[in-house]
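As a plain string of letters, each chain reads:
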Amino acid sequence: MNQLLTSVATDELLASALGTLRIVLEYLGTVAFAVSGAVAASRRRMDLVGAVVLASLVAVGGGTMRDLLLRQPVFWIENPTLVLVAVATALAIAPVARRRDIGALARHRIVEYSDAAGLAIFVVIGTGIALDAGASPVAAMIVGVANGVGGGILRDLFAAQVPEVFWNGQLYATAALAGAVTLWALWALRLPAEVVFWVPLLVIVLLRVLSLTRGWGVPSVAVVQKRELQTESHA
Amino acid sequence: MNQLLTSVATDELLASALGTLRIVLEYLGTVAFAVSGAVAASRRRMDLVGAVVLASLVAVGGGTMRDLLLRQPVFWIENPTLVLVAVATALAIAPVARRRDIGALARHRIVEYSDAAGLAIFVVIGTGIALDAGASPVAAMIVGVANGVGGGILRDLFAAQVPEVFWNGQLYATAALAGAVTLWALWALRLPAEVVFWVPLLVIVLLRVLSLTRGWGVPSVAVVQKRELQTESHA
Amino acid sequence: MNQLLTSVATDELLASALGTLRIVLEYLGTVAFAVSGAVAASRRRMDLVGAVVLASLVAVGGGTMRDLLLRQPVFWIENPTLVLVAVATALAIAPVARRRDIGALARHRIVEYSDAAGLAIFVVIGTGIALDAGASPVAAMIVGVANGVGGGILRDLFAAQVPEVFWNGQLYATAALAGAVTLWALWALRLPAEVVFWVPLLVIVLLRVLSLTRGWGVPSVAVVQKRELQTESHA
């Protein structure tokens, strides 16, 4: 019995630690998403309003899409904490944004890995909520991927650019989809909630890291023209 | 009585044939819409992710708008068949998409006529659902037109281009509106459901064909500048 | 008692006059918003369809965002009057739109002040509805600002341009936010409905006028490059 209690205590400690880690990842991802919004605003020569709005859009745009598609209350209407985190991030970055190194910030490894954490956690949360809401597996995966990548797509739309996730050839939406499929499979196997949550999350982070460090990616569908080797830049 | 039975049988045969035709048109339209999405992705130099997303957006974007505006369950959350048809279309086209003739595919007569079928059926379904949901006639027509043209508008937005339906001068949204008005009039006259469904559908297809073959269209509202005869191309 | 009756009569007259003024401002704002949509359509060389759609989008896009975010019936589904006002405005402007002075129209003082009235009234209505719907104060302000500026943002998105409100450095979204904050403060103080409605409205109009006449604004977050004095134009 003593052993059992210890075991329970350990389980509770683990659960508590994982719960804390989950919240840390959620905030980390929100900040990274907001950074990418503020950087995009700076690159497109926006003003402070644009920076704050774009940062917020990246942070909560995907979750808003999820809630609208599932006809659930939009999560930030009742509790706008994550919006405020995004606004604070944008305001903190604004003073440095006029300097030239803002672009480097978005490509900094810390930001890229935080973004991977944000992508992973939002996809997992989105897919889980969709399955709980009774969505079909395919729809749940779509909603989960939209939860993860929707904010970045809105950021690019509002910057009047083709969403980067559609052309950069990296594993991004694909990593999100792999995580969503994994989550559905584990969920269908009725594995414990901890497994259903953390394994897909690790799958997404791993695929992102492999894409960033090893160049893993998806093929282009661009029309290949004969002499365009030197003009491969995206319009 | 024998005659009556025959008559009933014929009616049932007709109803069954029309029902099958309706489903055929819906799939045909979905494939044509998906083709236009995949072609747009290829032209904008996207990767496979962009092609799949754009194809799906064109196919189900209009219906999603309709359901959100009417506060009804989003149709593909429960049954994602049409999403899968669009994804399959995009994947089937991808291998040929890197070749130069992809643009020709989108302008192929079969694709253009299938697109007309898709436009017609989605407008009719959308307007009908909106009227059934108690929308005012004007709102029902708007929702129906959005159901038909919304997907293509989203495709162009995600390709960072001015939606083609807003500037190409063809009868497209106008054809959709004419069909929606016709549907409302027939519906208000309490004509049989078959008439309310098929007559507006034919009106839309006919107007599209007249626009494609005879050049029927709507006037431009572009600012005319003095010496721009040679620079009429759309930015 | 005679005095009381007179007082009541005066109050009723005032209330009636303010109610009429509110409706006048709402229509004035709708027309001004629609003008900006039709002008944007003309500048982007669209056809009549684009002009009508863009005019309607600016007029009712913000309110539609509000209703979707708050999960309330979309206001124009039941009563499409404001959509029809926008469509009529676009059709009335179309004949002059092909002439060169259409741009001057949008910058005409009457249109700019009517636009300020529209912004003010839509922000006040949106924030009020959101608070009534039980949104948190921060969310209510966001919804209110979206109600006011959302239509213009959609207009620019559909014209494939970076939304002007994100980069023009004027007090626009900021004026809207100041009005929304004011409204929330007065509402939290349980002041009379007339005060809660009209004071924030005047705040927004005043800030807009100061921005238009005195150049009050918000700072840019654009990356400043060394030799770009001559290339400051927005891409």
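Not measured: the values here are computed from a predicted model. (Residues numbered from 1 in each chain as written. Chains lettered and ligands numbered in written order. Predicted model: local features only at pLDDT ≥ 70, side-chain atom pairs only at ≥ 80, totals over all residues. Heavy atoms only, no water.)

Participant: If you had to explain the overall build of chain A to someone new, which residues and values would you point to?
Facilitator: Secondary structure summary: chain A contains nine helices and zero strands in total. Helices and strands in chain A line up, N terminus first, as α-α-α-α-α-α-α-α-α. For chain A, the share of sequence-separated contacts (at least 6 apart) that also reach a separation of at least 24 residues comes to 73%. Carbon and sulfur atoms provide 65% of the accessible area of chain A, an area that totals close to 10900 Å². (Helix = DSSP H or I, 4+ residues; strand = E, 2+ residues; numbered from the N terminus. Contact = heavy atoms within 4.5 Å. Areas by Shrake-Rupley, 256 points an atom, 1.4 Å probe, with all protein chains shown as cover.)

Participant: Describe helix α9 (residues 193-214) of chain A, listing the residues and the values that go with them.
Facilitator: Residues and elements named next belong to chain A. Over its 22 residues, α9 runs 31 Å from end to end, which matches the ideal 32 Å to within 8%, given 1.5 Å per residue. By the burial criterion, the buried members of α9 are Val196, Phe197, Trp198, Pro200, Leu201, Ile204, Leu207, Arg208, Leu210, Ser211 and Leu212. Positive phi shows up at glycine 215, right after α9, with a value of about 75°. (Expected span 1.5 Å × (residues − 1). Buried < 20%, exposed > 50% of the residue type's maximum accessible area, 1.4 Å probe, protein only.)

Participant: Can you tell me about the relation of the copies chain A and chain B, naming the residues and giving the values?
Facilitator: Least-squares fitting of chain A to chain B yields an RMSD of 0.0 Å, with the transformation described by 0.0 Å of translation along the axis and a rotation of 120°. With respect to symmetry, the two chain copies, as superposed, fit the operation of a three-fold axis. When C-alpha positions in chain A are compared against the rotation axis, the closest is assigned to A:Ala160, at 3.3 Å. Comparing interface residues between copies, only 11% of those in chain A also lie at the interface in chain B; the contact surfaces differ. (Least-squares fit on C-alpha atoms with pLDDT ≥ 70 in both.)

Participant: Before we move on, can you summarise the packing of aromatic side chains with the specific residues and values?
Facilitator: All names here are of chain C. Counted under the stated rule, the structure contains nine aromatic pairs over all chains. Taking 5.0 Å as the distance between ring centres and 75° as the angle between the ring planes, the aromatic pair formed by phenylalanine 197 and tryptophan 198 counts as edge-to-face. By relative accessible area, phenylalanine 197 is classed as buried at 13%. (Phe/Tyr/Trp six-rings, centres within 6.5 Å; stacked < 30°, edge-to-face > 60°.)

Participant: Mind laying out the pattern of salt bridges, listing which residues take part and the relevant values?
Facilitator: According to the stated counting rule, one finds seven salt bridges over all chains in the structure shown. Between A:Asp156 and A:Arg155 there is a salt bridge, and its shortest N-O distance comes to 2.9 Å. Look at A:Asp156 and you get buried, because its relative accessible area is 6%. The shortest N-O distance in the salt bridge between B:Asp67 and B:Arg66 comes to 3.0 Å. Take B:Asp67 and B:Arg66: they sit in the same class, and that class is buried. (Salt bridge = Lys/Arg side-chain N within 4 Å of Asp/Glu carboxyl O.)

Participant: Give a detailed account of the UniProt feature "domain: Glycine transporter" (unreviewed entry) in chain A, specifying residues and quantitative values.
Facilitator: This chain's UniProt record puts "domain: Glycine transporter" (unreviewed entry) on residues 24-94 and 113-187 of chain A. For residues 24-94 of chain A, the helix share is 86%, the strand share is 0%, and the end-to-end C-alpha distance is 24 Å. (UniProt positions renumbered as here; feature names shortened; annotations may be inferred.)

Participant: Explain the interface of chain C and chain A to me, using residue names and the numbers behind them.
Facilitator: Interfaces are often described in size by the accessible area the parts lose on coming together. Across the contact, 36 residues belong to chain C and 34 residues belong to chain A. When the two sides are added together, the surface that chain C and chain A hide from each other amounts to roughly 2900 Å², 66% of it contributed by carbon and sulfur. Summed over the shared surface of chain C and chain A, the result is zero salt bridges. For the pair chain C and chain A, the interface holds four residue pairs in polar contact (both at pLDDT 80 or more). For the side of chain C that touches chain A, the secondary structure elements donating two or more residues are α2 (48-70), α7 (137-158) and α8 (173-188) of chain C. For the side of chain C that touches chain A, the element with the most residues is α7(C), which contributes six residues. Split into classes, the residues belonging to the side of chain C that touches chain A amount to 24 nonpolar, nine polar and three charged. (Buried area = accessible area lost by both parts, 1.4 Å probe. Polar contact = N/O pair within 3.5 Å; in protein donor to acceptor, adjacent residues only side chain to side chain. Nonpolar A, V, L, I, M, F, W, Y, C, P; charged D, E, K, R; others polar.)

Participant: Tell me about the relation of the copies chain C and chain A, and please be specific about residues and values.
Facilitator: Superposing chain C onto chain A takes a rotation of 120° plus a shift of 0.0 Å along the axis, which leaves an RMSD of 0.0 Å. By residue overlap, the copies meet through two different surfaces: only 11% of the interface positions of chain C are interface positions in chain A.

Participant: Before we move on, can you summarise the interface of chain A and chain B with the specific residues and values?
Facilitator: Taken together, the contacts link 36 residues of chain A with 34 residues of chain B. Our count for the chain A to chain B interface comes out at zero salt bridges. Here chain A is connected to chain B by four residue pairs in polar contact (both at pLDDT 80 or more). Counting residues per element, the ones that place at least two in the side of chain A that touches chain B are α2 (48-70), α7 (137-158) and α8 (173-188) of chain A. Here the side of chain A that touches chain B gets six residues from one element, more than from any other, and that element is α7(A). Here the side of chain A that touches chain B is built from residues that sort into 24 nonpolar, nine polar and three charged.

Participant: Explain the environment of A:Ala34 to me, and be specific about the residues and the numbers.
Facilitator: Residues and elements named next belong to chain A. Secondary-structure assignment places alanine 34 in helix α1 (residues 2-43). Residue classification places alanine 34 among the buried positions, given a relative accessible area of 0%. Along the chain, alanine 34 and alanine 51 lie 17 residues apart, while their C-alpha atoms are 9.0 Å from each other. If sequence neighbours within four positions are ignored, alanine 34 has contacts with Ala55, Ala86 and Thr89.

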